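As a plain string of letters, each chain reads:
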Amino acid sequence: MKTMKKSFLEIARASYKPRFPVVFEGEVTIKEGDATESVSDRSEIKEIFPTTYGMPLLTLIPGEKKESAPLNVGVILSGGQAPGGHNVISGLFDGLKRLNPENKLYGFLGGPSGLVDHQFMELTAKVVDNYRNTGGFDIIGSGRTKLEEEWQFMKSADGCKKMNISALLIIGGDDSNTNACVLAEYYLQKNIPIQVIGCPKAIDGDLKNELIEIPFGFDTACKVYSELIGNIQRDASSSRKYWHFIRLMGQSTSHITLECALQSHPNICLISEEIEAKNMTLDDVIEYIVKIIVFRSNEGLEYGTVLIPEGLFEFIPVMKRLIAELNEIVAENTDFTELNSDEERREYVKEMLHPENCKVFRSLPKGIANQLILDRDPHGNVQVSPIETEKLLIEMVGKRLAQLKAEGTYKGNFSALHHFFGYEGRCATPTNFDADYTYSLGKTAAILIAEGKTGYIATIAHLTKPSSNWVAGGMPFTRMMNMEQRSGRMKPVIRKAMVRLDGKPFKMLEQYREKWACDMSDFIYPGPIQYFGPTEVCDQPPRTLLLEHEEELTVPQLLVDELV
Ligand code: FBP
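Just so you know, these numbers come straight off a predicted model, no measurement behind them.

### A look at the overall build of the protein chain
The number of helices and strands found in the protein chain is 22 helices and 16 strands. Over its C-alpha trace the protein chain gives a radius of gyration of 24 Å, about what one expects of a compact globule, namely 24 Å for 564 residues. Taking the principal axes of its C-alpha atoms as reference, the protein chain extends roughly 80 × 60 × 50 Å. When each of the 564 residues of the protein chain is scored for burial, the buried share is 59%. For the protein chain, long-range pairs separated by at least 24 residues make up 77% of all intrachain contacts whose partners lie at least 6 apart in sequence. Of the accessible surface of the protein chain, which amounts to about 23,600 Å², a share of 51% is contributed by carbon and sulfur atoms. The distance from the centre of the 62 positive side-chain charges to the centre of the 77 negative ones in the protein chain is 3 Å.

### Notes on the sheet that holds strand β12 (residues 416-421)
In spatial order, the strands read β10-β11-β9-β12; together these 4 strands make up an open sheet with parallel pairing. In the strand order of this sheet, the two ends are held by β10 (268-269) and β12, each with one partner. As defined by bridge partners, strand β9 (residues 243-248) adjoins strand β11 (residues 304-309) across 6 bridges and the pair is classed as parallel. From the neighbouring strand, L248 faces β11, where its bridge partner is P309. Its contacts with the sheet place helix α9 (residues 255-264) against β9, β10 and β11, and it is angled at close to 155° to β11. Against the sheet, helix α11 (residues 282-298) contacts β9, β10 and β11, and its axis sits at roughly 150° relative to β9.

### Observations regarding the packing of helix α14 (residues 342-352) against helix α15 (residues 355-363)
Remark: α14 packs on α15, axes separated minimally by 8 Å, with the N-to-C direction vectors making an angle of 155°. Here α14 is positioned roughly antiparallel relative to α15, judged by the angle of their axes. Contacts between α14 and α15 involve R346, V349 and K350 from the former and C358, F361 and R362 from the latter.

### Topic: the side chain of E302
Within the secondary structure, E302 sits in the loop between α11 and β11. Notably, E302 is buried but unbridged: the nearest opposite-charge side chain belongs to K405, and the N-O separation is 7.5 Å. For E302, the side chain forms a polar contact with the main-chain nitrogen of N413, separated by 3.4 Å.

### Considerations on the nonpolar core
Generally speaking, soluble globular proteins have nonpolar side chains that are buried together. Counting residues in hydrophobic clusters, the biggest one holds 112 residues, and the most contacted among them are L92 and Y437. A total of 8 residues in this core trace back to one element, the largest contributor, which is helix α19 (residues 432-450). In this structure, L270, M280, I289 and Y348 belong to the second largest nonpolar core, which totals 49 residues.

### Side note on the site of the ligand
G80, D204, E310, Y423 and R426 are the nearest of the 13 residues found near the ligand. The backbone of G250 places a nitrogen or oxygen atom 3.4 Å from an oxygen atom of the ligand. Between the ligand and the protein, one listed contact pairs an oxygen atom with a side-chain N or O atom of E310 at 2.8 Å. Burial of the ligand by the protein chains amounts to 83% of its free accessible area of 490 Å². Class assignment for the residues of the shell around the ligand results in 3 nonpolar, 5 polar and 5 charged.

### Some words on α15
N357, C358, V360 and F361 are the residues of α15 that are buried. Projected down its long axis, α15 shows its buried positions confined to an angular sector of 160°, all on one face. Turned more than 90 degrees off the buried face of α15, the exposed positions are P355, E356, K359, R362 and S363. In this structure, the buried side of α15 is in contact with α12 (317-332), α14 and α16 (366-372).

### Regarding unusual backbone geometry
Within the chain, N191 stands out as a residue other than glycine whose phi angle is a positive 55°. Structurally, N191 is set in the loop between α7 (174-189) and β8 (195-200). On the accessibility criterion, N191 (70% relative accessible area) is exposed. For H265, which is not a glycine, the phi torsion comes out positive at approximately 55°. By secondary structure assignment, the location of H265 is in the loop between α9 and β10. What makes H265 buried here is its relative accessible area of 1%.

### Focus on the packing of α11 against helix α20 (residues 504-518)
Direction vectors running N to C along α11 and α20 enclose 45°, while the axes themselves pass 9 Å from each other. When the axis of α11 is compared with that of α20, the two are oblique. For the pair formed by α11 and α20, the contact residues are Y288, I292, F295 and R296 on the first element and R513, W516, A517 and C518 on the second. Here the residues of the contact of α11 with α20 sort into 6 nonpolar, no polar and 2 charged.

### Description of the packing of aromatic side chains
Using the criterion set out here, one finds 14 aromatic pairs in the structure. Ring centres 6.1 Å apart and planes at 75° place the aromatic pair F245 and F414 in the edge-to-face group. Placement of the pair is F245 in strand β9 and F414 in the loop between α17 (389-407) and β12, with a sequence separation of 169 residues. You can call F245 buried: its relative accessible area is 0%. Seen in terms of ring centroids, Y512 and W516 are 6.0 Å apart; in terms of plane orientation they differ by 15°. Their pairing is stacked.

### Brief notes about the environment of G136
With respect to the helices, strands and loops of the structure, G136 is situated in the loop between α5 (125-131) and β6 (142-143). Taking the C-alpha atoms as reference points, G136 and G85, separated by 51 residues in sequence, lie 6.9 Å from one another. When sequence neighbours within four positions are dropped, the list of residues in contact with G136 reads H86 and C427.

Rules and cut-offs
- Residues numbered from 1 in each chain as written.
- Predicted model: local features only at pLDDT ≥ 70, side-chain atom pairs only at ≥ 80, totals over all residues.
- Heavy atoms only, no water.
- Helix = DSSP H or I, 4+ residues; strand = E, 2+ residues; numbered from the N terminus.
- Rg over C-alpha atoms; globule rule 2.2 N^0.38 Å.
- Buried < 20%, exposed > 50% of the residue type's maximum accessible area, 1.4 Å probe, protein only.
- Contact = heavy atoms within 4.5 Å.
- Areas by Shrake-Rupley, 256 points an atom, 1.4 Å probe, with all protein chains shown as cover.
- Lys, Arg positive; Asp, Glu negative; His and termini not counted.
- Charge placed at Lys NZ, Arg CZ, Asp CG, Glu CD.
- Pairing = 2+ DSSP bridges.
- Axes fitted to C-alpha atoms, helices over the stretch in contact; angles between N-to-C directions.
- Parallel < 35°, antiparallel > 145°, perpendicular 65-115°, else oblique.
- Salt bridge = Lys/Arg side-chain N within 4 Å of Asp/Glu carboxyl O.
- Polar contact = N/O pair within 3.5 Å; in protein donor to acceptor, adjacent residues only side chain to side chain.
- Core = buried A, V, L, I, M, F, W, Y, C linked by side-chain atoms within 4.5 Å.
- Near = heavy atom within 4 Å.
- Nonpolar A, V, L, I, M, F, W, Y, C, P; charged D, E, K, R; others polar.
- Arc of directions from axis to C-beta.
- Phe/Tyr/Trp six-rings, centres within 6.5 Å; stacked < 30°, edge-to-face > 60°.

Written out as structure tokens, the structure is:
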């Protein structure tokens, strides 16, 4: 085993004991609740998943000690990294060892491909202890291989059989848990004795519903970005000469941007879901930004911050139509992938695009057009992280301001800097909230496995309460499924949670954004994540979660500026 050099924080953090629901203090059993239905398209989902459809919700409750034969369990980290993955593994490890010290845990290397190609390592106490409470997925690595072909399922089953593995925990986002659902159904239908359990991970915050209040990693990632935004805001209000355009990760939703706005009070915050609902064009977005810049300039405030969700482009209706057609062209034309240069690829798609979409495509700067025709990810999604929307917005805003200057309606000096925050937060040391939550998810998964369940995702509810009051359970994957178009075909997938425009977090932004846009001193500087110290500094759950789930917020949970 490689030796690991550790920072002082990592050494101190290694001895942190994650907190968990009180049920895990004793023996645990499972109570079955009501039967479930999928979120929509019920007859189609039932037909595709006849064996796992309709299973009941599960709650973990105190139980009696049971003797159980030793189990071998495999774990996979799937998709983008998220803080807390290592603690899911430590919770699973501790949970399995508590049930029977002979239980063994194996980690498949490099994501789902490790399962298919039988690349694995045993996760012993020594290995796991090295990674407790650390960020990253480096204990076994992650990957984006899509598990969807029968040969992959069979090859995986062969590998598991050789290692006597009877259960798999797949830690991933909506796409990975969709694959886990398909795998669970397949193994049940074929009488292959491998259970498949999922765990909700997503810094993007979009794998959530009534029982998954928030996926893990969102809290830590947003706190890292909010710290950086706060630092930039302090720099901006010190030098008073730059507008900072800050794009934030969140491939298909704006939860991260909204959470960071609630934590840092930027001057402008774009929410993709709102832009789509209002059917705004790119020009409308530019006018909105320009109006605020001009207003602030007239007040002598030549600086500010703009938060931009990573996936903005896909929500601007004309761009959405263009990207949908590009997705089809890229998916259906194998000769496209053989083209060698960006220019050839641009010319190729121009030939094939509908005239309206072609017009939009032609109007884009070459760099952006190239980014839109990059390879799709294995799930058929356009890869939005390389699309530099922030640069495009700066360019367009700059042009518009120059026009206004020429007309004499703007007299300021627009100087802008651009930033993209995503990778900075995905492997950060998990907050206390994420460390506790993920450890509890791991322990929950151990019980679901020991109780012979398959086709379930581990859940922890009541997350805004103290961790001892959290409720552990399981929800059938099929409960989250609906039919959606993917790579040109209708497929069963877990429904993503979008920012709700009638939800309290967005309403809070709506209520305050004008004030944040105009005032001189509304910025909040959240500062770095704290791991040791007073609970109101170290243990705050995400604002989004508090607003969505708490009837009344306690004083430390309120927005700081409301108190002073
Ligand atoms: P998951 O959906 O797998 O959780 O990953 C989300 C994400 O972090 C997005 O926010 C981002 O667009 C994407 O991953 C980047 O992917 P990659 O790691 O392949 O560059």
